[in-house]
Amino acid sequence: MTAAARPEVAPLIELRGVWKSYGRGDAEVHALAGASLRIDDGEFVAVMGASGSGKSTCLNVLGCLDQPTRGQYLFRGVDVGKLTLDQLALLRRNYLGFVFQGFNLLARTTAVENVELPLIYRRVGHAERRRRAMKALEEVGLASRATHTPAELSGGQQQRVAIARAIVTDPQMLLADEPTGNLDSARKVEIMRLLVDLNRRRGITIVMVTHEPDMAEYATRMVHFRDGSVESDEAVGP
Amino acid sequence: MIWATLLMALREIRRNTMRSMLTTLGIVIGVGSVIAMVTLGRGATAKITNEIANMGTNLLIVMPGAERRGPASTTAPPLKIEDAKAIEREVSSVDKVAPTASRSALVVYGNKNWNTSVTGSTNEFFAVRRFAIELGQSFSDAQLLGGQPVCVLGATVRKELFGQGDPLGAAIRVGAVSCSVIGVMAPKGQSTFGQDQDDFLVMPLAAFQRRIAGNYDVGMLFVSAISDGMTTKAKQQIEALMRERRRIALGQVPDFRVQDMKEISDTLGTVTGALTALLGGIAAVSLLVGGIGIMNIMLVSVTERTREIGVRLAIGARGAEVLLQFLVEAVTLSTLGGMLGIAFGLTISFVATRMMHMPFRVLPDIIVIAFAFSATVGVAFGFLPARKASKLNPIDALRHE
Ligand SMILES: Nc1ncnc2c1ncn2[C@@H]1O[C@H](COP(=O)(O)OP(=O)(O)OP(=O)(O)O)[C@@H](O)[C@H]1O
Ligand SMILES: [Mg+2]
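Parameters at a glance
Residues numbered from 1 in each chain as written. Chains lettered and ligands numbered in written order. Predicted model: local features only at pLDDT ≥ 70, side-chain atom pairs only at ≥ 80, totals over all residues. Heavy atoms only, no water. Helix = DSSP H or I, 4+ residues; strand = E, 2+ residues; numbered from the N terminus. Rg over C-alpha atoms; globule rule 2.2 N^0.38 Å. Buried < 20%, exposed > 50% of the residue type's maximum accessible area, 1.4 Å probe, protein only. Contact = heavy atoms within 4.5 Å. Areas by Shrake-Rupley, 256 points an atom, 1.4 Å probe, with all protein chains shown as cover. Lys, Arg positive; Asp, Glu negative; His and termini not counted. Charge placed at Lys NZ, Arg CZ, Asp CG, Glu CD. Donors = N, O, S within 2.8 Å, 3.2 Å for Na, K, Ca; no water. Pairing = 2+ DSSP bridges. Axes fitted to C-alpha atoms, helices over the stretch in contact; angles between N-to-C directions. Parallel < 35°, antiparallel > 145°, perpendicular 65-115°, else oblique. Left-handed = near helix turned anticlockwise from the far one by under 90°. Buried area = accessible area lost by both parts, 1.4 Å probe. Salt bridge = Lys/Arg side-chain N within 4 Å of Asp/Glu carboxyl O. Core = buried A, V, L, I, M, F, W, Y, C linked by side-chain atoms within 4.5 Å. Near = heavy atom within 4 Å. Polar contact = N/O pair within 3.5 Å; in protein donor to acceptor, adjacent residues only side chain to side chain. Nonpolar A, V, L, I, M, F, W, Y, C, P; charged D, E, K, R; others polar. Arc of directions from axis to C-beta. Patch = residues over 30% accessible without salt bridge, like charges linked within 9 Å, V, L, I, M, F, W, Y side chains within 5 Å.

**Q** What is the right way to read the overall build of chain A from this model?
**A** Looking only at helices and strands, chain A has 7 helices and 10 strands in total. What you see for chain A is a C-alpha radius of gyration of 17 Å, in line with the 18 Å of a compact globule of 238 residues. Projected onto its principal axes, the C-alpha coordinates of chain A cover approximately 45 × 45 × 40 Å. Here chain A, with 238 residues, has 54% of them falling under the buried criterion. Restricting the contact set of chain A to residue pairs at least 6 apart, pairs at least 24 apart contribute 70%. Total accessible area on chain A is roughly 10200 Å²; 49% of this is exposed by carbon and sulfur atoms. Across chain A, 30 positive and 29 negative side-chain charges occur, with their mean positions spaced 6 Å apart.

**Q** Would you mind going over the coordination of the magnesium ion (ligand 2) with me for this structure?
**A** Ideal values differ by geometry: the angle at a metal is 109.5 degrees with four tetrahedral donors, but 90 or 180 degrees with six octahedral donors. Only Ser56 of chain A (OG) and Gln101 of chain A (OE1) from the protein reach the magnesium ion (ligand 2) as donors, at distances of 1.9 to 2.4 Å. Highlighted residues: Ser56 of chain A in helix α1 (residues 55–62) and Gln101 of chain A in the loop between β6 (96–99) and α3 (111–121), separated in sequence by 45 residues.

**Q** Got a minute to help me understand the sheet that holds β6 of chain A in this structure?
**A** Whenever strands of a sheet pair, they do so through backbone hydrogen bonds, lying parallel or antiparallel. Residues and elements named next belong to chain A. An order of β6-β7-β8-β3-β9-β10 is seen for the 6 strands of this open sheet, with the pairing classed as mixed. Each edge of the open sheet is held by one strand with a lone partner, namely β6 and β10 (229–235). Averaged over all pairs of adjacent strands, the angle between their axes in this sheet comes to 15°, without regard to strand direction. Bridge count between strand β7 (residues 173–177) and strand β8 (residues 205–209): 5 bridges; the pairing is parallel. Paired with Ala176 across the strands is Met208, a residue of β8.

**Q** Explain the pairing of strand β8 (residues 200–204) of chain B to me, please; I cannot follow it from the model alone.
**A** Walk down a regular strand and you will see the side chains alternate between the two sheet faces. Residues and elements named next belong to chain B. Of all 5 residues in β8, 5 are buried, a share of seventy percent or more. Of the pairings in the sheet, the one linking strand β3 (residues 112–121) to β8 comprises 5 bridges and is parallel in character. Its bridge partner lying in β8, Gly120 is registered against Met203. Across 2 bridges, the pairing between strand β5 (residues 150–153) and β8 is antiparallel. Note that in β8 the partner of Val152 across the bridge is Val202.

**Q** Mind showing me how you'd approach the environment of Leu144 of chain B here?
**A** Residues and elements named next belong to chain B. Note that Leu144 resides in helix α5 (residues 141–146). A residue is classified by how much of its surface remains accessible, and Leu144, at 19% relative accessible area, is buried. Separated by 11 residues in sequence, Leu144 and Ile133 place their C-alpha atoms 17 Å apart. Each residue touching Leu144, except ones within four places of it in the same chain, is listed here: Ser121, Thr122, Asn123, Phe139, Pro204 and Ala206.

**Q** Before we go on, may I ask you to explain the packing of helix α3 (residues 81–90) of chain B against helix α8 (residues 231–246) of chain B in this structure?
**A** For any two helices packed against each other, the geometry comes down to the angle between their axes and how far apart the axes lie. Residue and element names in this part refer to chain B. Two elements in contact, α3 and α8, have axes whose closest approach is 11 Å; the angle formed by their N-to-C orientations is 135°. Classified by the interaxial angle, the pair formed by α3 and α8 is oblique. Two packed elements cross with a definite hand, and for α3 against α8 that hand is right-handed. Within the contact between the two elements, α3 uses Glu82, Asp83, Ala86, Ile87 and Glu90 and α8 uses Ile238, Leu241, Met242, Arg245 and Arg246.

**Q** Just checking my understanding: could you explain the interface of chain B and chain A for this structure?
**A** How big an interface is tends to be stated in terms of accessible area lost as the parts join. If you look at the interface, chain B gives 26 residues, while chain A gives 26 residues. Interface area for chain B against chain A, summed over the two sides, is near 2400 Å², with a carbon-plus-sulfur share of 56%. Counting every contact that joins chain B to chain A gives 4 salt bridges. Across the pair Glu304 of chain B and Arg108 of chain A runs a salt bridge, and its minimum N-O distance is 2.5 Å.

**Q** Sorry, what's going on with the pairing of β6 of chain A here?
**A** Residues and elements named next belong to chain A. Covered by surrounding structure in β6 are Leu96 and Phe98 together with Gly97 and Val99, the residues of both alternating faces. One ladder, built from 4 bridges, connects β6 with β7; its direction is parallel. Looking at the pairing, Leu96 lines up with Met173 of β7.

**Q** Just checking my understanding: could you explain the nonpolar core for this structure?
**A** The nonpolar side chains of soluble globular proteins are, as a tendency, buried together. Core analysis: the biggest nonpolar cluster contains 49 residues, and Ile13, Leu15, Leu62, Tyr73, Phe75, Met173 and Val207 of chain A have the highest contact counts within it. Residues in contact with Leu15 of chain A, not counting those within four places in the same chain, are Ala35, Ser36, Leu37, Cys58, Val61, Leu62, Gln72 and Tyr73 of chain A.

**Q** What am I meant to see in the site of ligand 1 here?
**A** Around ligand 1 lies a shell of 14 residues, among which Ser51, Gly52, Lys55, Ser56 and Thr57 of chain A are the nearest. Ligand 1 sits at the junction of chains A and B, each of which supplies nearby residues. Within the contact set of ligand 1, an oxygen atom lies 3.3 Å away from a backbone nitrogen or oxygen of Ser53 of chain A. Taking Gly54 of chain A, its main chain carries an N or O atom lying 3.1 Å from an oxygen atom of ligand 1. Within the complex, the protein chains bury 66% of what would otherwise be the 630 Å² of accessible surface of ligand 1. For the shell around ligand 1, the element with the most residues is α1 of chain A, which contributes 3 residues. Split into classes, the residues belonging to the shell around ligand 1 amount to 3 nonpolar, 8 polar and 3 charged.

**Q** Is there a simple way to explain α3 of chain B in this structure?
**A** Counting along an α-helix, one turn takes 3.6 residues, and residues three or four places apart therefore face a common direction. Along α3 of chain B, the residues classified as buried are Asp83, Ala84, Ala86 and Ile87 of chain B. Buried residues of α3 of chain B, seen end-on, are gathered within an arc of 165° and therefore sit on one face of the element.

**Q** Would you mind showing me how to read a nonpolar patch on the surface here?
**A** Residue and element names in this part refer to chain B. Judged by side-chain polarity, Met18, Met21, Leu22, Leu25 and Ile29 come together as a nonpolar surface patch covering roughly 480 Å² of accessible area. In this structure, Leu25 sits in helix α2 (residues 17–55). Residue classification places Leu25 among the partly exposed residues on the basis of a relative accessible area of 44%.

Pasting the structure below:
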C-alpha cells in the first residue's frame, strides 16, 4: 500500500527542513522552524498541535499555496520551490484538493457553483460539471442546499461546501484544515466516515489538521507540531 | 477556454449587479456628459456662425448719428437717397447699396391685424440682407420708380395675416395705405439674441417715403462690399466719401457711422471660441469625474476581488485565466457603459439642440475620445489590480485586507 513497498517511486511528499518566517529582526516569527515530514501515497495523516504551532502554515506549503522561506518541498520528487506560478497552479489543479480553515467560498455564488469551480479550470463540460458537483454535495449531505449562497448557509454548511469543492475533482491528495471545526458531533462523524471512505476506497492521500483527538483517531498516522516543527510522529492503530 | 471564461465573466457581472451597475453608470455619465457638452457647444457655435453668414459677412451699415453714443442721435441730419447712389457709384470696393427707411405700422387683412415693422427700400435690400424671395417676385422698375403701393412680406407677417392661405395679389392695409402683396421672403428664423428676423415687410422706398413717412429721409444704408476681405477698405472709403458729402473736416467727430459686420462677426467668433473652450473644459471635468467614479468603485472592490482571485488560484486557476476573466468583465462593462453613454449624450444633446433651435451635429471624434477615455479607465482599474493579485501566492491573495 505505501510507497515504501515500491522504493523506485519517489514519496508523494517530502518536506526537508522547511522554514517559514514572517517579519524581520526582533519581530521575526517563525511559523515553521525546520519542519521535516514525509508522506506516502494512501496515508491519512492527522496533524495536531497547539494553536500557532504552524499547522496551517505547513498545510499551505503542502498545498502549494505558500512558499517556504527556507528548506525544500518535494512533491513526487519534484522540487516545488523551482516551479513557476503557472506550474504550481497546474499542480494544484490536477493533484490537490484544499479545505481552508476559513472556507474561502465565493460570495453571492451558489453552493453548487462554488463546487463546480475547480472543474471549470479542469475543462469539464457544463452538464458533467453539474452532475459531479451535485454528487459531491450529496456526499457531504448538502444536496438540498445546492442553490443557496454562502450568506444563506450556516458555518457548518459552508464548511461542507468547502469539503465538496475539494473532493469534487477526485484529487490525489486532500489537504483539510480543521474540516470538522464547525460541525456538530453527528456531522463530524459523517464527514470523517466520508474522508475515511475517500482514503480507503479511492486511495486519496489525506492530510488533515485537527485539534480533536477523536477525529485524529480516524487517521492512520498522527503528526504533532510544536513551535513550527514536528514534535512527534506515530502510527494510529485501527 | 475563451468561451468558458466569457460565460464566467458574464456570470460575475450578473452576480455583482450593484457593482456592475455603478461601474457602468460612471462610464455612462463620463461619456454621456462629454458628448452632450461638446455637441451642444458645437451646435451653438454653428448656429451663430450660420447667422453671421446669413447676415452676410460683407455687410456694412451706414447710419446717421455719432459713433458709440447709443441710438442714432436725432440732431444729426438724416441720410438721403443721393448718399446711397454716391456710394454705389464712387466707392470701388462696394458692390450694392440698399437705402432703407423703417417705421412700425399696423397691417390689416380682413379681420386679422398685426403690428410690424415696415421698411421702404429697393431690390438691393434683398440681395444685401440675403433675403430670398420664396413666393412671387421682387419689385419691378416701374413699381420702384412710380412709388407704387406694393409689398413683399416677411414670413412672420405672412403667417399672421394669411396663415396657410395664398397672399399673392391680396390687398392689405399698411397703416393708412392700401397695398398689394407681390411676394414673400424665405424665413430666417430667430436670431441668436432671440429676435424674429422675419417680422417685417418691404415696400418700394419711394412709396414708403411718400405714403407712410411723409418725408424723403433715409434711415440706414445697407452696403455690401465686393468680398468679405474688402469690408475694412469699404468702410474707410465710405467714411471718407460721407465726410466729404456732409462737410465734416478731418479732425472732427463725424455725425454718421459706418458699422462693419466683419467686426461684429469677429467678436462673435471670439465669443463662440470661448464658449467652445468653456464647454470643452466642463466636458473634461465631467470625464474626469466619471473616471474617478469608475476608479472608486473598482478600488473599493479590490479587496473582495483579490480574495476571489486567491480562491480561484488556490483551486488551480492559472494567473492568465483569472486575468482573462477580469479583462472580459472590465471590457464588457466599459463597452456597455460607453454605448449607453453615447446614446444618453446624443439623446440629451438632440433634445436640447431642438429646444434651443440649434443645429444638431454629431461629432465622431469626441465620441471616440470620450469612449476611449472611459473604457481605458474602466479597463485599467478593473484589470490592473487583478493583474497584481494574479501574481501573488494564493495565500497572500486570500489574506488581502
Ligand atoms: N501572514 C502572517 N504574518 C505573520 N505571522 C503569521 C502569518 N501567518 C501565520 N503567522 C504566525 O505563524 C504562526 C503559525 O500560524 P498557523 O496559522 O500556522 O498556526 P496554526 O497551528 O494553524 O494555529 P491554529 O490552530 O490556531 O489554526 C502563528 O504564530 C502566527 O501568528
Ligand atoms: Mg490553523
